[in-house]
Amino acid sequence: MKILVLNAGSSSLKYQLIDMESEKVLAKGNADRIGIEGSFCKHKKDGGEEIVKSVILKDHKDAIEVIMSLLVDAEQGCIKSMDEIGAVGHRVVASGEYFKEPTLVTEESIERLKKTFPLGPLHNPAAYTGVMACREVMPSTPMVLVFDTSFHLTMPEVAYLYNIKYEDYKQYSVRRYGAHGTSHKFVSGKAAEYLGKDPKDLNIITCHLGNGSSISAVKGGKCVDTSMGFTPLAGVCMGTRSGDIDASAVQFLANQKGMDINQILTYLNKESGLKGLSGGFSDFRDLRENVEKGGETGRRAQLALDKFAYDCKKYVGAYMAVLGRVDCIVFTAGISEWNGFIINQILEGLEPYGISVDKEKNTDSCKVPVKDITGKDSKVKILVIPTNEELVIARETKEVVTGK
Ligand code: ADP
């Protein structure tokens, strides 16, 4: 069976066609600048060169039609006809409490999907648009909604509740949902596979450190806590997001700066985190370059990196307490895969808890499916595992469609 995984943003549509027998990516790409001048589609088939095609993409339906034409193209494609696509898996960022698991697209589930818009205002309407466009282009192909938040729905009440009036949680579903669930699921499963253990027998802390970062506690294969909250704004310092902040400080800052609630949230989402602390640099590559420059610029860049590592250390420590016994700590996503020093810094000083890193093995790149950087005397395994969210979406789509 071949499964098309779609990840729709408001003006982009990323795709991968995956063969489920071999779990190999047959082709992947991105239709970009949908509805904006200068739209194009990047496409690469397995073993081929990446091509960039300038095309007019008025909307997501145009994008899906272009993607289909590339997938069946005699030269660039990898299938003879659209009928070879057994199912489509759509990535959806927020499920709220409306969906507990990956769900087949039906009239009813589409109506329910609309109710999730306020929980993922930027992403969920885009996913809906992607679903509707896809239904028009391939009406008889089964489709599945796969949610970033599903993996976190096993959290106990004490982990997901905010300490507000319980009645308000009930009425408005205001609670912790987390994000990056497919990634935490993939890397915790891969760690168990690497360690040759049943996930049920393992307690793992998973650290997804990218532009958006989140840390989860995974007990016996199930998520029991995660650092992101009602939205991805909570938790550790991120590229441009503040992470955790006292709500009163938000009100105070808004008043001082003459901002309304929407403006202050944009400030916290887009102008804060590493960017805010360093004075403009949200990307680890830029931060490292600026540290080298020294002076005040270098000091601020270093401060941002130090704060990021400190926040991550605090969550790792908290989840050690939540889990009691920790068997493994896994690092994934761009920051983890390309910046060994930050893992050293996050775990520094945790030797009394049986945690240490082999600094020689902890190089600045991860080109293998699992990089084991466990220190000689470490009781806890320390792994770097590149994530594969599309594969999790494809696997879950297959499970819903075929029942296995
Ligand atoms: P997202 O998918 O959330 O956009 P990524 O997982 O791609 O984020 O991670 C982005 C982060 O990874 C950035 O801080 C970036 O600097 C860092 N990163 C990516 N590639 C490299 C690299 N070659 N060297 C150093 N850092 C890198």
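Residues numbered from 1 in each chain as written. Predicted model: local features only at pLDDT ≥ 70, side-chain atom pairs only at ≥ 80, totals over all residues. Heavy atoms only, no water.

Undergrad: So what's going on with helix α2 (residues 107–115)? Which residues, and what values?
TA: Among the residues of α2, those classed as buried are S109, I110 and L113. Taken around the axis of α2, the buried residues stretch over an arc of 105°, which confines them to a single face. More than 90 degrees from the buried face of α2, the exposed residues found are E107 and K115. Elements in contact with the buried residues of α2: β6 (85–92), β7 (103–104), α3 (124–137) and β8 (143–147). (Buried < 20%, exposed > 50% of the residue type's maximum accessible area, 1.4 Å probe, protein only. Helix = DSSP H or I, 4+ residues; strand = E, 2+ residues; numbered from the N terminus. Arc of directions from axis to C-beta. Contact = heavy atoms within 4.5 Å.)

Undergrad: Which residues make up the environment of K190, and what values do they have?
TA: For K190, the position within the fold is in helix α6 (residues 181–195). Take K190: its relative accessible area is 21%, and that puts it in the partly exposed class. Linking K190 and I335, residues 145 residues apart in sequence, is a C-alpha distance of 19 Å. If we skip the residues at most four places from it in the chain, K190 touches P369, V370 and I385.

Undergrad: Hey, could you go over the packing of aromatic side chains for me, with residue numbers and the actual values?
TA: Scanning all chains against the criterion turns up eight aromatic pairs. Summarising the aromatic geometry, the rings of F99 and F147 are spaced 4.6 Å apart at their centres and angled 25° between planes, so their arrangement reads as stacked. Of this pair, F99 sits in the loop between β6 and β7 while F147 sits in strand β8, placing them 48 residues apart in sequence. Its relative accessible area of 0% is what places F99 among the buried residues. Judged by its relative accessible area of 2%, F147 is buried. Between F284 and F308 the ring centres are 5.3 Å apart and the planes differ by 75°, which places this aromatic pair in the edge-to-face class. Residue F284 is found in helix α10 (residues 284–293), and its partner F308 is found in helix α11 (residues 295–323); the two are separated by 24 residues along the sequence. Across the pair, exposure class does not vary: F284 and F308 are buried alike. Taking the ring centre of Y160 as reference, the NZ or CZ of R175 above it sits at 3.7 Å. (Phe/Tyr/Trp six-rings, centres within 6.5 Å; stacked < 30°, edge-to-face > 60°. Lys NZ or Arg CZ within 6 Å of the ring centre and 35° of its normal.)

Undergrad: Break down the site of the ligand for me, with residues and values.
TA: The environment of the ligand is formed by G210, N211, G212, D283, F284, R285, A333, G334, I335, W338 and N339. The backbone of G334 places a nitrogen or oxygen atom 2.8 Å from an oxygen atom of the ligand. When the ligand is considered free in solution it has 570 Å² of accessible area, and contact with the protein chains removes 68% of it. Elements with a minimum of two residues in the shell around the ligand: α10 and α12 (334–338). Partitioned by chemical class, the residues of the shell around the ligand number four nonpolar, five polar and two charged. (Near = heavy atom within 4 Å. Polar contact = N/O pair within 3.5 Å; in protein donor to acceptor, adjacent residues only side chain to side chain. Areas by Shrake-Rupley, 256 points an atom, 1.4 Å probe, with all protein chains shown as cover. Nonpolar A, V, L, I, M, F, W, Y, C, P; charged D, E, K, R; others polar.)

Undergrad: Provide a residue-level description of the sheet that holds strand β5 (residues 51–54), including the pertinent values.
TA: In spatial order, the strands read β5-β4-β3-β2-β1-β6-β8-β7; together these eight strands make up an open sheet with mixed pairing. Each having just a single partner strand, β5 and β7 make up the two edges of the open sheet. Each of β1 (2–8), β2 (12–19), β3 (24–32), β4 (40–45), β5 and β6 is contacted by helix α1 (residues 60–71), which is oriented at about 35° to β2, the strand it contacts most. The strands touched by α3 within the sheet are β1, β6 and β8, with β6 carrying the most contacts at an inclination of about 160°. (Pairing = 2+ DSSP bridges. Axes fitted to C-alpha atoms, helices over the stretch in contact; angles between N-to-C directions.)

Undergrad: Before we move on, could you go through the nonpolar core and cite the residues and values that matter?
TA: Of all hydrophobic cores here, the largest spans 38 residues; its most connected members are I205, I329, F331 and L347. By residue number, the principal contributor to this core is α11, which donates 11 residues. The residues contacting L347, other than those within four sequence positions of it, are K313, V316, I329, F331, I355, V357 and I382. With 37 residues, the next largest nonpolar core counts I34, V66, F99 and C134 among its residues. (Core = buried A, V, L, I, M, F, W, Y, C linked by side-chain atoms within 4.5 Å.)

Undergrad: Which residues make up the sheet that holds strand β12 (residues 328–332), and what values go with them?
TA: Strand pairing within a sheet occurs via backbone hydrogen bonds; the two strands may be parallel or antiparallel. With mixed pairing, the six strands of this open sheet are ordered in space as β11-β10-β9-β12-β14-β13. Either end of the sheet is taken by a strand with one partner, and the two such strands are β11 (222–226) and β13 (371–372). On top of the sheet, α11 reaches β9 (203–209), β10 (213–219), β11 and β12; it is set at about 15° to β10, its chief contact.

Undergrad: Which residues make up the packing of α10 against α11, and what values do they have?
TA: Axis separation between α10 and α11 bottoms out at 7 Å; the angle between their running directions is 135°. Comparing their axes, α11 and α10 come out oblique. Like other packed secondary-structure pairs, α10 and α11 cross with a definite hand, here left-handed. Residues F284, L287, N290, V291 and K293 of α10 pack against G295, T297, G298, A301, Q302, A304, L305 and F308 of α11. Each residue belonging to the contact of α10 with α11 can be placed in one class, and the counts come to seven nonpolar, five polar and one charged. (Parallel < 35°, antiparallel > 145°, perpendicular 65-115°, else oblique. Left-handed = near helix turned anticlockwise from the far one by under 90°.)

Undergrad: Give me the lowdown on the layout of surface pockets, citing residues and values where you can.
TA: Taken as a whole, the second largest pocket holds about 690 Å³ of empty space. Residue lining of the second largest pocket: 28 residues in total, with F151, K185, G221, V392 and E396 positioned closest to the centre. Every element with two or more residues in the lining of the second largest pocket is listed here: α6 and α14 (389–402). Looking at the lining of the second largest pocket element by element, the count peaks at nine residues for α6. For the lining of the second largest pocket, the class distribution of residues is 12 nonpolar, seven polar and nine charged. (1 Å grid on protein atoms, 1.4 Å probe; cavity = no way out; pocket = protein on both sides within 12 Å on 5 of 7 lines; lining within 4 Å. Points joined across faces, edges and corners; volume = space filled by probe spheres on them.)

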